[in-house]
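For reference, the chains in residue letters:
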Amino acid sequence: MRLGFSILWILIYFLIPVYAQQNEESRNHMVERQIKARGIEDKAVLSAMRNVQRHQLVPKDQVRNAYEDRPLPIGHGQTISQPYIVAFMTEVIQPEPNMKILEIGTGSGYQAAVLAEIVDEVYTIEIVEPLGKTARRNLNNLGYSNITSKIADGFYGWEEHAPFDAIIVTAASEYIPPPLIEQLKDGGRMVIPVGAPFTTQHLMLVEKRKGGKWKTRNLLPVRFVPFTRN
Ligand code: SAH
């Protein structure tokens, strides 16, 4: 009995580091093959993609697919984006350590964690309550103390914490919500998929100029889950 117990502990002691190392290798592989190979160069973004434990943020039945080159289901009809798209959107907003960033569509919490590796403050809003709660729990367990989250309709942004240096929207909207443009700092950047639901949308970059004027640029065809309203 005692021997069996000791063997169990010895196994746990050796297997946990092996498991952690395997996941680290999968992440390095993901960054080389999916992220760097497709042209992402920002060092901070590459290092964040190497660090965030994506397998700790997906549902249990998706853990083995966590580092694959595709979106994954996270329940409630929602998905966690393909790693490359997360890296691309992160690079586009040009994150710097002293920034404050708003994300609309917490989902699994993965994009928020990638941002939190780079910038000081991340605010993230999710409309589906159970997803928001699970993400908050997982992000707390991973020790991300610089992420503040709430469950609400992200259309209205987060007035109390505005203005933001950058905004990332991870659900496709037919138009750019005006409150989000208002809550962007002059000189700030927003990245958002714009287009009809269940079709191919355009990933747009919004750049807000001094004086509040803004212009948009079309970056990439993408497919995101729809931006929903309460
Ligand atoms: N950034 C997420 C991707 C999640 S998919 C990740 O890294 O996993 C997009 C998410 O946006 C979904 O969870 C969906 O519920 C949420 N969403 C859709 N409309 C929203 C809205 N109006 N406000 C906040 N979240 C919204």
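Now for a look at the structure at hand. Because the structure is predicted, anything quoted here is derived from the model rather than measured.

### Here we look at the packing of aromatic side chains
Move 1: One pass over the full model with this rule turns up 5 aromatic pairs.
Move 2: Relative to Phe88, the ring of Tyr84 lies with its centre 6.0 Å away and its plane at 50°, an arrangement referred to as tilted. Within this pair, Tyr84 and its partner Phe88 are both found in helix α3 (residues 83–92), separated by 4 residues, close to a single helical turn.
Move 3: Given a relative accessible area of 14%, Phe88 falls into the buried group.
Move 4: On the numbers, 5.4 Å between centres and 80° between planes, the contact of Tyr123 with Trp158 is edge-to-face. With a gap of 35 residues between them, Tyr123 in strand β4 (residues 121–126) and Trp158 in the loop between β5 (147–151) and β6 (164–169) connect regions that are remote in the sequence.
Move 5: Judged by its relative accessible area of 7%, Tyr123 is buried.
Move 6: The class of Trp158 is buried, set by a relative accessible area of 6%.
Move 7: One aromatic cluster in this structure is built from Tyr123, Trp158 and Phe164.
Move 8: Sitting above the plane of the Tyr84 ring, Arg38 keeps its charged end 5.3 Å from the centroid.
Move 9: Note that Arg229 overlies the ring of Phe155, its terminal NZ or CZ placed 3.8 Å from the centroid.

### Structural notes on the side chain of Asn23
Move 1: Assignment of secondary structure puts Asn23 in helix α1 (residues 2–36).
Move 2: Look at Asn23 and you get buried, because its relative accessible area is 10%.
Move 3: Apart from the residues within four sequence positions on either side, Asn23 is in contact with His55 and Tyr67.

### Regarding the sheet that holds strand β8 (residues 201–208)
Move 1: If you trace the 7 strands from one edge of the open sheet to the other, you get β5-β4-β3-β6-β7-β8-β9, paired in mixed fashion. The sheet is open, and its two edges are formed by β5 and β9 (214–222), each paired on a single side. Put simply, the sheet's adjacent strands are angled 15° from each other on average, direction ignored.
Move 2: Across 4 bridges, the pairing between β6 and strand β7 (residues 184–194) is parallel. In the sheet register, Ile167 faces β7, and the bridge partner there is Met190.
Move 3: Of the strands in this sheet, β3 (100–104), β4, β5 and β6 touch helix α4 (residues 110–118), which is tilted by about 170° from β4.
Move 4: In the packing of helix α5 (residues 129–141) onto the sheet, contacts are made with β4 and β5, and the angle to β5 comes to roughly 160°.

Analysis parameters
Residues numbered from 1 in each chain as written. Predicted model: local features only at pLDDT ≥ 70, side-chain atom pairs only at ≥ 80, totals over all residues. Heavy atoms only, no water. Phe/Tyr/Trp six-rings, centres within 6.5 Å; stacked < 30°, edge-to-face > 60°. Helix = DSSP H or I, 4+ residues; strand = E, 2+ residues; numbered from the N terminus. Buried < 20%, exposed > 50% of the residue type's maximum accessible area, 1.4 Å probe, protein only. Lys NZ or Arg CZ within 6 Å of the ring centre and 35° of its normal. Contact = heavy atoms within 4.5 Å. Pairing = 2+ DSSP bridges. Axes fitted to C-alpha atoms, helices over the stretch in contact; angles between N-to-C directions.

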